Structure formats: structure tokens, C-alpha cells
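Topology and contacts: notes
Residue strings, one per chain:
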Amino acid sequence: MFQRPGRDIVAPFLGSTVLFALLLGSGLLYQAAVGGGASERLVTIMLIDAIIVVGIQVYIGNTGVLSFGHIGFGAIAGYAFAVLAISPGEKAKRIADAPFGLVDVDMSPWLALLLAVLITLVAAAIIGVGLARSGAESGAVAATVITLALLFVSHEVARNWPDLTGGDRAGLSFKIGESLDSRIPILLALFGAILIARLYATSRSGRLAVAAREDNLAAQAMGVNPLVQQMVALLISVAIVSVGASLRVYETGSILPDNFFFSYTLLTLVMLIVGGRNSVTGALLGVVMMTVGREATRRLGQDGFELFGIGLDDAPLDWIFRENLQTVFLGVSMLLFMIWRPKGILDDWELDAWAHQRFVAVDAEKPGPLPELGEAPAAQLEARDVSVRFGGFQALTAAHLDASSGEIVGIIGPNGAGKTTLVNVLTGMVAPTEGSFAISGERLTGKPPFQLARAGLVRTFQNLRLFGSLTVRENVEIAALVARDHRAERTLRDVDALVAEAGLWDHRDRRARELDYGTSRRLELARAAALSPSFMLLDEPTSGMSDAESLAMVEQVRHMAATVGAGVVVIDHDLGFITGISDRITVLDQGSVIATGTPEEVQADPRVQAAYLGSAAESTTVNAPANAQQGIDDV
Amino acid sequence: MTELLQNLIDGLGRGSIYALLALGIAVIFGVMHLLNFAHGELITVSGYVSVWALGAGLSWWLLVPLIIVTSVATSLIIERVAFSRVRGANDFTLLLTSFGVHFVVSAIFLLYVSASVKNFSRPGWVADTYSIGSLNIEVFDTVVIIVTILTLVGTTLLLQRTMFGLALRAAAADFDTARLMGVKSDSVIRGAFALSGLLAGIAGVFWLMRAGSTTPSAGIDPMLKGVLAALIGGLGSLRGAVLGGFALGLAEVLLRSRLPGDLASLTEGVVFALIAVFFIFRPGGILTVATAERV
């Protein structure tokens, strides 16, 4: 589950402890400074809010899907908890007609809490399937609307099913003295929530979810099934939120439909985004900041400037210090942050990751060079009669391809010849209209991209798809994580060794999106190699490179493939590059294979010269005259 | 049979308003990829204008153009103050920005008016009905349906026959290419917000005539209906948005009249739950818009 215990378990544990202590400490400090029951209550509520916000962070932060529904899950948990935990005598006053004999249920609050979490998890699993079906990925609009619908369904049901919920006005209340009288359970839950959120983020599932957040398609091409990771994130997240919501009900002693609706959704979301939604540290910072800001504006709204003893009763600012000022504050905070700093103050900065990086991982030693594998496990890639039609356009017609491990096969053809379409078919991103393909006899046609990647077909992208906010090392690590589970029978290379081998050692802690073009290309290559694939499919690995860089890339591709024993299928329209690197070449033109053979044979083939090179036979670089079909070729 | 026909007419009346709201949301989604959670605020603002105007003795006949002007102006102001600053941002930022606008607008009314419900008088004919055979038809529904049809025809003409319409449709199909072809992004986006405000204004007139009251959070309900309808229809498709609006209206009326007594009060909840199920089986909505990602 965890890659490196120091970074992924010990550091998060220590970091969570520090964060917990800081949050509690700031609360106690405030309490001591202000004093009185009101300040005590404010701090208690802040601690509960922190549990819920950390819970929401687990989902939104790691998947990038904006959810309005977590407070809806909170409503489900809150009502389940209240209905189960309130004593029969008290329930008889409010919901005497409750269904399923719930009036007579008499259980300890802790059992009720457990059941409430379980009930809410069932609801989360159902919603999770809907989210998956709607194509949930980072920023997905349809997924967000589904979560919004959940918030409204839970609110509507709470309002209109008075037999169960006590309805809109009365709600449900504990008997005085029944409700929570100690902060210990809240503190335990808070520490647990912070720890779980951090451990999830450093776990295998968390890292894969973040990869999918950064680039869903690239994650799938690396063998990640984003839907599974999103579901795991959702369930953990909802479990934490359920505990927080139940404690919120227990602490306040009552529940009304509006307690878990729009305004609480706004509050928790503002807390999350102000500090930085991609970080647990950020979420907690936001909780503190917004609690302070909200309390200050609430008091200003009520008492005006008198709060500071300045006593400007008839101040010209009267028009702004009015009741409900705190709601304006929250809405305006949301807007201002979205406009000027949408990723929050800390973005994805994490206390424990920073400390580990700064104090522990500083003197890592550069690993030595990787040997090439002499005996690669034999594998055979065969594609037969592959045809693809997009509407009326025939992108590929009965194309075929053969490649063996240890060999480099080049595919060449002008723009619109169908090269990328062929790679898209072989990696599951385009379904062939006809035809099939297999590795060593195992038929793979029709499988989704992540399964093909696990089966050994790994690609790079013409227009570069890296996990932008992850570091170079983390990019490679994602592929290595998948390899450990699905490619274990092969020789797996160490992440650091691969990073060094690709000439990325000095860049290893930089974010992928900060890299220059050529370095990014090398990172894509290293990431593909880390999966230890049977075949690497490289889509124009030298596009946009200078001649010198291209030449270096030839050697790099050959060497990286050899260190993991992978065959290579490389497509390009640069004849010099292809003939320099390939053992065999396939020539595509207008969707059909017009020649195959060694570089010499292909270059000598009169059909190739006539149909493809035309009068420009002596030129080494071939570009199609018109890009009319490029759009189709690119998809 | 009669009952079904009755439901159909009631559903069309209800669905007309949803269709106008959904169309306004779809127009903005087309040019900005923004799902506007603040769309209902146009009705909130119009609602408070109505409270003030009717209180000052204005007649409904004069109020109707005032509401429409208010709605268009509010839409343009919101664009200027908030959305113009996040153009081209990612979907996550856009969604939360519109959510933030919703809260700021409703908070302003909370601050300067009050949280309580403000009532105003509805025009007398809203509750009138007439009969054809055994059908009981509301005058109100009839007016709504006719006006909606006229509005949709007008909008179609605007989109098909004018340069602005062409620019808008081009921008909706591919914003970057449209800009390269000389479409001015500023004017298209502002035009889209004006059109969206106009459609919301017409919907708002009917919404307010029916409701006869407003609160700071009155925008949530129309926003939700519009957003869901646009999504049911297939986000990005203008025709789909209209279809989605009518589908949502019909579904509500049918369910309300068919659900057994206990569940009737839960109609809204059941409708939302059904929509969630609908998305599981048809995630792209009724008219799925083909979007191929370039690889």
C-alpha cells in the first residue's frame, strides 16, 4: 500500500500530530484569551468543522471533482445518528409514527455513530456508481450536478418526511443532558481524520487518484483505473464526513434540515478552497482563517465598531456593519479566491512532505547506470486487418503490424496517414471498426486503455501528457506503482534509477509542468519504461526537437527499451529519425499499409517512392502538403 | 386519457419556464464552458424589484418590461464584475465562481432587506381557468406556453439569421477557432449574457407571477431546475436544453399527480433521484454532444 515507509507513513504520522496540535493549540489559546462559554463553543464547532472539511478534502483534493453533495451525505449521517441515538421517550414526542419501529430503538450513541457511518457509506456507494457513469474526472460538470442533486434530495426528504425527521420546523432534539458533554470524542475523531487523510494521500490509491486528477487519459494509459481510485476516495471521504456530521448533531443536541444544506456547504467549501483544496494542511489553515473571519464579521455586523472599543456608533461604515455580514464575508471570500488564487494559499503544499523533503531526503545518492537486459521475455505483437471509420472518413483500412520484443519497428507516413489512429487502437483509445490485435496470442481487442497498459502496451503522447503538478520522480513513481501490481513477472526497475537513466536526476524534484520540451519528452519515456511494458508505443517522440536532440533521442529510446526488455513501435514523419532507429519499417498512406521491410528495402520500394515520397524523394523530411485531415488523425 | 391530456398541458406550462431557464444556461455554457449556478439570482433581483415597484404602485403591465430590463442588466453586471475575470479558467474555478456569485447576491439581500419572505400582489388572472370539454386549463399556462413558443422562435431566428447568432454558434462549437476567424470574444460573451438575461427575464416574469413572493435564497429553485434541465437535455446543446426543460416539467406534473398520497410531498426528491438514475444510464443527456478529446 505504501512505497517508502519513511515518507509515506512516518512523516504523515508526525505531520498529522503537529497539525492537530497546532489546530487545538490555536483554539485553546483563543479560549484562554477571550474566555467564557461562547468562546469554548466556538472552538468546539471549529474542531467539528475541521473534521468535515478534512473529510471533503479527501475527495475533492485527490480527485479534482467538485462535490456539493458531501453535506448531503452529512445530512444522511446526521439524521441516521439522531434517529438511532435519541432516547425512545424523547422520540415519542416528535416522531411517534416513525416507520420500521424506530421509535423503540434504544442504543448507545457510539453504536448509533457506527451505524450512521455504514448507512451513509451505502448511499455513497450508490452515488459513486452514478459519478463513475457520468464520466467523473477533474472538474467534470455532470458529476458536480449529480452531487448537487444529492444535496437537494437529502434536504427535500428531510423536510417532507416528518414521520422520520421531525420535519422542517421541529426537527429532532436530544433531551438536555443526553448530548455530548466532552470534547474527547471530537478530538479523537479529528486526529483520526487528519491522519487518515494524510495516509490516504500518500498511499497507492491516493497517488493513483491524484495522477488521474492531473490527467485522466494519461493515467489510464499508465494502467490506472481512475473510477476505482475515485470510489475509494469517495468512501473514505464520506466516512470521515459522516463521523463529523454525527458529532455535530450530538454536540448541538438537535438537527434541522437547514443545518446540512446550502449555507453549510458554502462554509465548508470556502474553508477548503481558501487554504488550498489539494492539501490537508491547507484545509486546516482555511478552517482556522474562515472561523476567525466569520466570527469577526458576525460580531462587527452585530455590534459595529464597538467591538474594538473605538465606539464609532454613528460611523460612516454603518451601511456595511449590519447583521448577517458574515454571509457576505463568506461569499466574497469564495469569489475573491476564485478570481485571484483559485488553488488557495498553500496550493498542494503539505507540512510533512515539505519537512521530509527538506530534512530527510536531501542527500539521496544518484544511482548508477542500469544494465540492458540481455534476454528479454519474448513477446509478439500482432495486429490484423485493423480498420477504423470516423463517420464517413476511413482512417485505417485493413492495416497490419507485427513487432517482437527486442525489436524497434518504425511506422512512417504523412499527416493523415493513420499513424496515431493505429496507436490509439492498440492502446484502447479508439475502438477498431474491424480487425483485432493480440500480444503473444492473447487477444486484446476491445479492452479499455488501463487494461491494455497492464497487458504491456504503453504509449507516449504526441502532445505530451504528463501529471503536471507532480514532480518528475512522482510521475515515474505512478507507473512503477502500477507495474508492481500488474507487471510483477517482469524485471521492474527502480524509480530513481530510471529517473537518472533518462538524464532527469537533477530535475527529479521539479514539477513536470515546469520542464522544457525536450526534458518533458524524456520524462514521458522514463514513465513509460517504469511500467516495464512488453511494447512501448511512441507517438512522434521527436516532434518539436532540434536535429541534435532527435539524434540523442534515438539512443535514449533504444537504451531505455533495452533496460526493461520492451519492444518499441515508434511513429513519426521524420524519415531520418525513423530509418536511424528502426529495425523494420511499416509505411502507411491514406490509412493503408503500402510497404513493410528493413529501412533499406522500404527506401528502395518504388511504390513508397511513388505514392508517398513523390517527387521529393531526395528530401529526408516529408510533410504532407495539406493538413486537411489532421484533426481526424490526431484524435 | 383526459387526465393524461390534462397532465400534458400542465406539464407544458411548467416545462416552458424551465426550458427558458435551461436555454439561458446552455447559451452561456456554450461560449464560456461555465455552468452558471448564479442564473437564479436574476430572478431573485427581479423579485425584489417587483416588491419595490408594486409597493410603489406600479402596474404589472409596466412591471413586465422592468423585470426584463432588470434581468438583462443584472446578467451583464455579473459578467462584468465576476465572470469576465475568470474567462478561460478551469471548470472547477468556473463552477465555484458562479456558486460564489449566488451567495454574494443573496447575502446582499439578506443584509439590506431581511431573511424573511416578502410578498407582492399577483395579477388577478393568474388563477383563472377556462374549460375545453372536460379539460381545465389555466389562462396562465396558456399565456406561458404561447409566449415561450414565440420566444423560442425569436431566439432561433436570432441564432440562425443574424451575424451575432452565427458568431455565438461558432463560439459554442469551437471558441478558439471562432476567435481566429475574427469573432470578437468580448462581444460574443457579453451578447450571450444579455441573451441569457433576456430569457431569464421572460421566465422570471412568469416565475414571479406564480410565486407572488421572494426571499434572499429564492434563486436556488429556478437555478436548480434550469441546470438540471440543461443537463438532462445534454450540456452544450441549445435544442437539448429546451427539450430537457419540457421533459423536467412533464416529469414533475406526472409524478405529482400519480404518486401515492404519502409520497406526493416528496415529488421533488423523487424527481431528482430519477434524474440521477437517468444519468447513470445516459450520462450525456438526451441529445449527447459529441466531444472528442485530441490525443
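Quick caveat: nothing in here was measured; it's all calculated off a predicted structure. (Residues numbered from 1 in each chain as written. Chains lettered and ligands numbered in written order. Predicted model: local features only at pLDDT ≥ 70, side-chain atom pairs only at ≥ 80, totals over all residues. Heavy atoms only, no water.)

1. Overview of helix α21 (residues 547-564) of chain A
All names here are of chain A. Using the following cut-off: Runs of H or I in DSSP of at least four residues are treated as helices and runs of E of at least two as strands, each being numbered from the N terminus. Any helix carries an expected span of 1.5 Å times its number of residues minus one. Relative accessible area decides the class of each residue, using a 1.4 Å probe on protein chains only: under 20% of the type maximum gives buried, over 50% gives exposed, and in between gives partly exposed. Here a residue-residue contact requires only that any non-hydrogen atoms of the pair lie within 4.5 Å.
Look at α21: 26 Å from first C-alpha to last across 18 residues, which is about the 26 Å you get at 1.5 Å a residue. Buried residues of α21: Ser550, Met553, Val554, Gln556, Val557, His559, Met560, Ala561, Ala562, Thr563 and Val564, and no others. Close packing links the buried residues of α21 with α19 (495-501), α20 (517-530), β9 (535-539), β10 (567-572) and α22 (575-581). Within two residues after α21, Gly565 carries a phi angle of roughly 65°, on the positive side.

2. Focus on the pairing of strand β4 (residues 393-404) of chain A
Residue and element names in this part refer to chain A. Definition in use: DSSP-based pairing: two strands are paired if at least 2 bridges between them are found.
As paired strands, strand β3 (residues 380-390) and β4 are joined by eight bridges and run antiparallel to one another. Bridge pairing in β4 links Val388 to Leu396. In this structure, the hairpin formed by β3 and β4 is closed by a connection of two residues, where Gly391 is found at a positive phi of approximately 55°.

3. A closer look at the confidence of the model for chain B
What counts here: Confidence scores labelled pLDDT are given residue by residue by the predictor and lie between 0 and 100.
Within chain B, residue pLDDT values average 89, and 97% of them lie at 70 or more. Within chain B, helix α3 (residues 60-81) of chain B carries the highest mean pLDDT (96), whereas helix α11 (residues 261-264) of chain B carries the lowest (72).

4. Here's the deal with the interface of chain A and chain B
Let me state the cut-off plainly: Reported buried area values correspond to the accessible surface (1.4 Å probe) lost by two parts on association, with both partners' losses combined. When a carboxyl oxygen of Asp or Glu lies within 4 Å of a side-chain nitrogen of Lys or Arg, that pair is called a salt bridge. Residues adjacent in sequence count toward polar contacts only when both atoms are side-chain atoms; beyond that, a polar contact is any pair of N or O atoms within 3.5 Å, and within protein one must be able to donate a hydrogen and the other to accept it.
Contacts between the two partners involve 54 residues from chain A, matched on the other side by 44 residues from chain B. For the pairing of chain A and chain B, the buried interface totals around 4,400 Å² over both sides, and the portion due to carbon and sulfur atoms is 77%. Where chain A packs against chain B, one counts zero salt bridges. Joining chain A to chain B, the criterion identifies zero residue pairs in polar contact (both at pLDDT 80 or more).

5. Comments concerning the domain arrangement of chain A
Residues and elements named next belong to chain A. Rule in force here: Where each domain starts and ends comes from a domain assignment, either automatic or drawn from a database.
The domain boundaries assigned to chain A delineate domain 1 (5-258) and domain 2 (380-634). Just the C-alpha atoms count here: the centres of domain 1 and domain 2 sit 45 Å apart. Every contact between the two is made by 18 residues of domain 1 and, on the other side, 25 residues of domain 2. Between domain 1 and domain 2 lies a buried interface of about 1,900 Å² when both sides are counted; carbon and sulfur atoms form 63% of it. Applying the counting criterion to the domain 1 and domain 2 interface returns four salt bridges. Between Asp215 and Arg465 there is a salt bridge; the shortest N-O distance is 2.9 Å.

6. A few points about the sheet that holds β3 of chain A
Residues and elements named next belong to chain A. Taken in spatial order, the four strands line up as β4-β3-β6-β7 in an open sheet, and their pairing is antiparallel. Two strands lie at the open edges of the sheet, namely β4 and β7 (442-443), each paired on one side alone. As judged from the two bridges shared by strand β6 (residues 434-439) and β7, these two strands associate in the antiparallel manner. By the bridge assignment for β7, Ala438 is matched with Arg443.

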